[in-house]
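Listed below, chain by chain, are the residues.
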Amino acid sequence: MSAQIIDGKQIAADVRADVAQKVADLKKSGIEPCLAVILVGDNPASVSYVTGKQKALAEVGMKDRSVRLPGTTSEAELLSLISELNDDKTVHGILVQLPLPEHISEDKVIMAIAPEKDVDGFHPVSVGNMVIGRDGFLPCTPHGVIELLRRAGIQTAGKHAVVIGRSNIVGKPLSILLARKDVNCTVTMCHTGTKNLADITRLADIVIVASGRPHTLTAGMVRDSAVVIDVGVNRIPDSTKKSGFRLVGDCDFDELKDKASFITPVPGGVGPMTIAMLMRNTLEAAERASASAGEENPHA
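Everything quoted here is computed from the prediction, not taken from an experiment.

Caption draft 1: Expanded view of the pairing of strand 9 (residues 227–230). The alternating pattern of strand 9 places V227 and I229 and V228 and D230 on opposite faces, both of which are buried. With four bridges joining them, strand 8 (residues 206–209) and strand 9 adopt parallel strand pairing. Opposite I206, over in strand 9, you have V227 as the bridge partner. Two strands pair when backbone bridges link them, and strand 9 and strand 12 (residues 262–263) are joined in this way by two bridges, in the parallel orientation. Considered in strand 12, the bridge of V227 is made with F262.

Caption draft 2: Local environment of a nonpolar patch on the surface. On the surface, Y49, V233 and L247 cluster together into a nonpolar patch covering about 270 Å² of accessible area. Structurally, Y49 can be placed in helix 2 (residues 44–60).

Caption draft 3: Geometry of the nonpolar core. Formed by 52 residues in total, the largest nonpolar core has its most connected members in L178 and M279. In this structure L178 touches I146, L149, A161, V163, V183, N184, C185, V187 and I208, once residues within four positions along its chain are discounted. Core analysis: the next-biggest nonpolar cluster, separate from the first, contains 18 residues, C190, L197, M221 and A260 among them.

Caption draft 4: Summary view of unusual backbone geometry. Following L98, the chain continues into P99 via a peptide bond in cis, with omega recorded as 0°. A positive phi angle, close to 70°, is found at N184, a residue other than glycine. In this structure, N184 sits in the loop between helix 7 (171–179) and strand 7 (186–190). You can call N184 partly exposed: its relative accessible area is 37%. The residue N196 is not glycine, and still its phi comes out positive at about 55°. Looking at the secondary structure, you find N196 in the loop between strand 7 and helix 8 (197–201).

Caption draft 5: Expanded view of the pairing of strand 6 (residues 160–164). Burial runs high along strand 6: five of the five residues are buried. Where burial is concerned, the two faces of strand 6 agree: the one with H160, V162 and I164 and the one with A161 and V163 are both buried. Of the strand pairs in this sheet, strand 6 and strand 7 are connected by five bridges, and their pairing is parallel. Bridge assignment links V163 to a residue of strand 7, and that residue is M189. Regarding the hand of the β-α-β motif, the stretch spanning strand 6, helix 7 and strand 7 is right-handed. Direction of pairing for strand 6 relative to strand 8: parallel, over a ladder of four bridges. Considered in strand 8, the bridge of I164 is made with V209.

Caption draft 6: Focus on the side chain of N281. Among the secondary structure elements, N281 is positioned in helix 10 (residues 271–296). The class of N281 is buried, set by a relative accessible area of 1%. Dropping the residues within four chain positions of it, N281 is found in contact with V119, F137, L138 and C140.

Here is what the cut-offs are and how they apply
- Residues numbered from 1 in each chain as written.
- Predicted model: local features only at pLDDT ≥ 70, side-chain atom pairs only at ≥ 80, totals over all residues.
- Heavy atoms only, no water.
- Buried < 20%, exposed > 50% of the residue type's maximum accessible area, 1.4 Å probe, protein only.
- Helix = DSSP H or I, 4+ residues; strand = E, 2+ residues; numbered from the N terminus.
- Pairing = 2+ DSSP bridges.
- Patch = residues over 30% accessible without salt bridge, like charges linked within 9 Å, V, L, I, M, F, W, Y side chains within 5 Å.
- Areas by Shrake-Rupley, 256 points an atom, 1.4 Å probe, with all protein chains shown as cover.
- Salt bridge = Lys/Arg side-chain N within 4 Å of Asp/Glu carboxyl O.
- Core = buried A, V, L, I, M, F, W, Y, C linked by side-chain atoms within 4.5 Å.
- Contact = heavy atoms within 4.5 Å.
- Right-handed = clockwise from strand over helix to strand, strands pointing away.

Given below as structure tokens:
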């Protein structure tokens, strides 16, 4: 048996196409969705991620208000910029690229972003809304995983999903989203303190790995026909590549592709979905801002 490869690039392209159509419709009514991406410093990986977001903004027709600041920027200066963007009604979403330089508190920065512009879904208000099922911005990577499962036609209701990883960015929110009624999985969350991990993963219908470590999941750890979603992105040395490294996930893809029913590749699986869902969140922010403005000025 050979697994069906879930094409994250194609699914993400479909999501962006949906967003682009709705952006075009909003523009007809005089609203131009706008995202401000703030990059502090010149971390190569962060620069690459921001460039990818800027390309996506151009593709879907949104306004790009990206700001690049030197690594010496003070915490006060960054918080002041966020405050300005919070007050700017032409900016619908604000994203500060993480990680930040050590002298800047990530918690303070996340808390400073207005919840209605928190398109990353990291603000405690956004997290709280997600937990209790209220409307709000969902974190992009976990939401992207849910969208992948849905668009790939994978049945989730009543299935046992095991999530490996408990980060605030992926593992925890993904466990919550999988358990919500619209997905309806029974969820087990595993982490570095879990004993006998393989005994748990072999019980799963769906295994999602977000551990940040290559080869966390191998073929002997899953049952036949399990669905495997790999969130990991790891750089490992490879002298055959011009860059000197290659990207791999947290799974042993070569082993698992002959045992799983569905599997995501790395790269080209979950990764493209993160930016696609960011575009969707920014669109929703613009739609909500427009609706709110209409309520405030019913005769405008």
